[in-house]
Amino acid sequence: MAQPQSNGVDNEDLEKTKKKKGPSLLRSSCFMVADAADPPPIAGEGGDEAATRRIPTHLVVTVNGLVGSANNWAYAAKQFMKRYPSDVVVLRSECNGAIKTLHGVDIMGKRLADEVTKFVECRPELQKISVVAHSLGGLVARYAIALLYSSNSSNKGEAVNEGKIAGLEPVNFITFATPHLGSRSHRQIPILRGIRALEKVAYHLSWIAGRSGKHLYLKAREKGKPPLLLQMVTDSGGLHFMSALRSFKRHVAYSNYCFDFIVGRKTSSIRRIHEVPKSRNFVQNSKYPHIVYVEKSNITEDDFSDDMIYKAKTTDEMEEAMIKSLKRIPWERIDVSFRKTMQKLFAHSTIQVKTYMINSAGADVISHMIDEFVL
């Protein structure tokens, strides 16, 4: 596992502080990555009002996308704390920001796993864990949970459907505009408008995004193994990618139906092109005006085998293998459209309300996520 990250804390200053104040049950770094809101007071402290509040036992980990930061989830984190002040504590991950997001899904996943482990060690009262991720962060989270996964099964031959993540009960795994199938396939990056020549150029220029670009374009093959994203749809290499994902009670994929120029709707909703809902089937909801289609969770594929990821050579074959495997898990698919708003050109950021001033149209999407959240 990767070495623990400092999370922006100067080690020398931290040691000086420890010498002055003496030993502490909780390390300072435990709270420096948490949401800006102060943790609720422990029962019995701070007066009668504080005495009636419970200590939060449900950890929500938010993960940013490519060249993003922990601040990208600031709005959503505040809404979580307002709605569930006595139930939820939010960890806005800081370990993979800015240029570090170019280091690759695996390295970023190890950093995230280390960050979560250290935080959980500081908060022994935690019992449950959920993940909320945007864009590339969804892939990073899928890698991290495989590292954090432990099985409840005692028999080697027993099917594994349950387990723990960082020693906690996994509940919600939610992604926003995440390229689950990568970015290599036709129309997976809408800004290229499906023009094969442009897609070929983008494929050859993917090195600009570092190892992350190679992973997204299904290029990195090490020691004869399939590209990383294909490995991540199986339990392989000693990592239980699918078992870890399956251990969560809910799996939700929010995707932009249109005007997301970075991540296409096929890859973000884990669908084939003919499975994407037509606009004529959209529904209107006054409470969530930008939620246009909700597909309830179901399992639709059962003919996947691990051999498929090794036999897949073409782009279409690799995409089909990933779809078949990921569809063995029940996903709720939520289609979002900002077509009628002035913020539609920023749909990729608006879906998570990256910056409220310019992405406020996505507030109802965040409300929907929190309203449907399982505690």
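For the protein, the name recorded in an unreviewed UniProt entry is Alpha/beta-Hydrolases superfamily protein, with Rhynchospora pubera as its organism.

A. Main features of the overall build of the protein. Across its full length, the protein carries 16 helices and 11 strands. Looking at the protein as a whole, 52% of its 375 residues qualify as buried. Expressed as a percentage of contacts within the protein between residues at least 6 apart in sequence, the contacts between residues at least 24 apart total 75%. Carbon and sulfur atoms provide 53% of the accessible area of the protein, an area that totals close to 17,900 Å².

B. Structural view of the packing of helix 5 (residues 105-122) against helix 6 (residues 136-148). Two numbers describe how helix 5 lies on helix 6: the axes approach to 8 Å, and their chain directions differ by 60°. The angle between helix 5 and helix 6 places the two elements in the oblique class. Crossing handedness for the pair helix 5 and helix 6: right-handed. Facing helix 5, whose interface residues are Val 105, Asp 106, Met 108, Gly 109, Lys 110, Leu 112, Ala 113, Val 116 and Thr 117, helix 6 presents Leu 136, Leu 139, Val 140, Ala 141, Tyr 143, Ala 144, Leu 147 and Leu 148. Its residues assigned to classes, the contact of helix 5 with helix 6 shows 13 nonpolar, two polar and two charged.

C. A look at the sheet that holds strand 1 (residues 58-63). One open sheet accounts for seven strands, arranged 2-1-3-6-9-11-10; its pairing is mixed. Strands at the two margins of the open sheet, each flanked by one partner only, are strand 2 (88-92) and strand 10 (291-298). Neighbour to neighbour, the strand axes of the sheet diverge by 15° on average, direction disregarded. Relative to strand 2, strand 1 is paired through five bridges, and the arrangement is parallel. Counted as the bridge partner of His 58 is Val 88 from strand 2. Lying on the sheet, helix 5 is in contact with strand 1, strand 2 and strand 3 (128-134); it crosses strand 1 at an angle near 155°. Against the sheet, helix 6 engages strand 1, strand 3 and strand 6 (169-176), with an angle of about 150° to strand 3.

The rules behind these values
Residues numbered from 1 in each chain as written. Predicted model: local features only at pLDDT ≥ 70, side-chain atom pairs only at ≥ 80, totals over all residues. Heavy atoms only, no water. Helix = DSSP H or I, 4+ residues; strand = E, 2+ residues; numbered from the N terminus. Buried < 20%, exposed > 50% of the residue type's maximum accessible area, 1.4 Å probe, protein only. Contact = heavy atoms within 4.5 Å. Areas by Shrake-Rupley, 256 points an atom, 1.4 Å probe, with all protein chains shown as cover. Axes fitted to C-alpha atoms, helices over the stretch in contact; angles between N-to-C directions. Parallel < 35°, antiparallel > 145°, perpendicular 65-115°, else oblique. Left-handed = near helix turned anticlockwise from the far one by under 90°. Nonpolar A, V, L, I, M, F, W, Y, C, P; charged D, E, K, R; others polar. Pairing = 2+ DSSP bridges.

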